[in-house]
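Chain by chain, the residues run as shown.
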Amino acid sequence: MSLHSSLQGALPQLESLKFSDVLTVGLITVAVVLLTLPLWDRLASVPGPFWARWSPIWMIYHSLKGDMHREMIQLHEKYGGIVRTGPFEVLRFTFWVLYLIGSPDVIGELTFSKRFGFIEEASDKGTFAQIEGALGSASWVGQVPWLYWIHDWLSPLIGNRLKVTNRHGMLREIAGKEVSERSSVQSAHPDMLDKFMDVHRKQPEKFDSMAVLSMAASNIFAGSDTTAISISAIMYHLCKNPQYKQKLLEEIDAEAAAGRISRTNVPYKVAQNMHYLQVCIQEGLRCHPAVGMSMPRVVPPEGLVVNGKRIPGGVSLSTDSV
Ligand code: HEM
């Protein structure tokens, strides 16, 4: 019997099905799915919000709302050390006890040995608005990466609808200008662009000139806002707690008196050995993490045991940053 005639034979029977039949089949299906859940849902034993169990909707909702950092603390209080945040995603909690427009200058120095001069011009030329838009968009699009690629594929028809693609805008132009100037002019001191260029010269097929440009632009995106908010938070907490600020000032004065640092020169190695400074930085980052999101990594094929729970290979396992 041909497929066509089989279908023709089955259709009248389908049409004669009553609503109550469909409802019964539907209810039986839901019951079977729920009863067998622990068998096929490999994360069934990990507690978490109801919606997070079924879809990335929970992550998208809180990423868009911008309250993920608060939600993560509440999850930890409600469910304990390990929480399910998506169908294939688990979050583990670790326990560990404004200089706004100036921060791109820090990144400019690190990456290109050059300040962008935003403070002198008293304007960031829209840089922070662009970074904020792109990172805000990336935080929820990152929960459903396939959407990014569909958008990428459809963009010749629908244009650019996601702010995360703003990475290709003005900041990339700044980075592009610096990269092309570096081909002819040597930097004043070794910087990150030198290192990117080095890798490119050694392995041009793996790290092409587009990758050099992308890494330089990524630095501005990834480093500006994070540095700004971290320095601001550390300063804020020191001002709120003058007794700690005093202790830090004493350490700074002692290092200066010993000639190891000056107003214009604090070598990295010396700063690393300034115990109280390091404590203040770490505590500031703990109190106000710049990236208030989960930091996912894929569990290796053999799986992992975390907080006494078996997490299968391939699941996305995050560590909280708050
Ligand atoms: C206090 C300051 C900073 C904080 C708190 C911070 C935090 C982070 C975090 C949490 C990530 C994601 C890690 C992950 O993969 O899970 C990241 C990635 C990154 N950071 Fe930072 N960061 C800071 C400063 C910087 C600076 C100064 C630079 C560059 C000059 C930088 C460049 C990058 C880059 C290139 C990435 C990778 C971005 C990507 O995946 O494309 N960061 N940072």
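Residues numbered from 1 in each chain as written. Predicted model: local features only at pLDDT ≥ 70, side-chain atom pairs only at ≥ 80, totals over all residues.

As annotated in an unreviewed UniProt entry, the protein chain is Cytochrome P450 from Penicillium angulare. According to the UniProt record, the Cofactor (unreviewed entry) comment for the protein chain is "heme". (UniProt positions renumbered as here; feature names shortened; annotations may be inferred.)

Peer 1: Lay out the environment of Glu250 in plain terms, naming residues and giving numbers.
Peer 2: Structurally, Glu250 can be placed in helix H13 (residues 242-257). A tally of 11 C-beta atoms within 10 Å means that Glu250 is categorised as exposed. Note: C-alpha distance between Glu250 and Tyr276 (26 residues apart in sequence) is 9.6 Å. (Helix = DSSP H or I, 4+ residues; strand = E, 2+ residues; numbered from the N terminus. Buried ≥ 20, exposed ≤ 12 C-beta atoms within 10 Å, placed from the backbone.)

Peer 1: Go over the nonpolar core, please, and point to the residues and values.
Peer 2: Residues Ala175, Ala216, Ala217, Ile220 and Phe221 are the most contacted members of the largest nonpolar core, which totals 19 residues. In contact with Ala216, other than residues within four places in its own chain, are Thr111, Ala175, Glu178, Val179, Leu193 and Phe196. Listed in part, the eleven residues of the second largest apolar core include Met72, Leu75, Val83 and Leu91. (Core = buried A, V, L, I, M, F, W, Y, C linked by C-beta atoms within 7 Å. Contact = placed C-beta atoms within 7 Å.)

Peer 1: Can you explain unusual backbone geometry? Please cite residues and give values.
Peer 2: Positive phi outside glycine occurs at Asn307, with the angle close to 50°. Position of Asn307 among the secondary structure elements: in the loop between strand E4 (304-306) and strand E5 (309-311).

Peer 1: Lay out the sheet that holds strand E6 (residues 316-319) with the relevant residues and their values.
Peer 2: As summarised here, the arrangement of the four strands in space is E1-E2-E6-E3, forming an open sheet in which the pairing is mixed. The open sheet has two free edges, formed respectively by strand E1 (82-86) and strand E3 (295-298), since each of these has just one partner strand. Taking each pair of neighbouring strands and ignoring which way they run, the sheet shows an average axis angle of 30°. Of the strand pairs in this sheet, strand E2 (residues 89-92) and E6 are connected by four bridges, and their pairing is parallel. Within E6, the residue paired with Leu91 across the bridge is Ser318. (Pairing = 2+ DSSP bridges. Axes fitted to C-alpha atoms, helices over the stretch in contact; angles between N-to-C directions.)

Peer 1: Pulling in residues and values, what's your account of the pairing of E2?
Peer 2: Alignment of E1 against E2, held across four bridges, turns out to be antiparallel. Residue Arg84 lies in a different strand from E2, and its bridge partner there is Val90.

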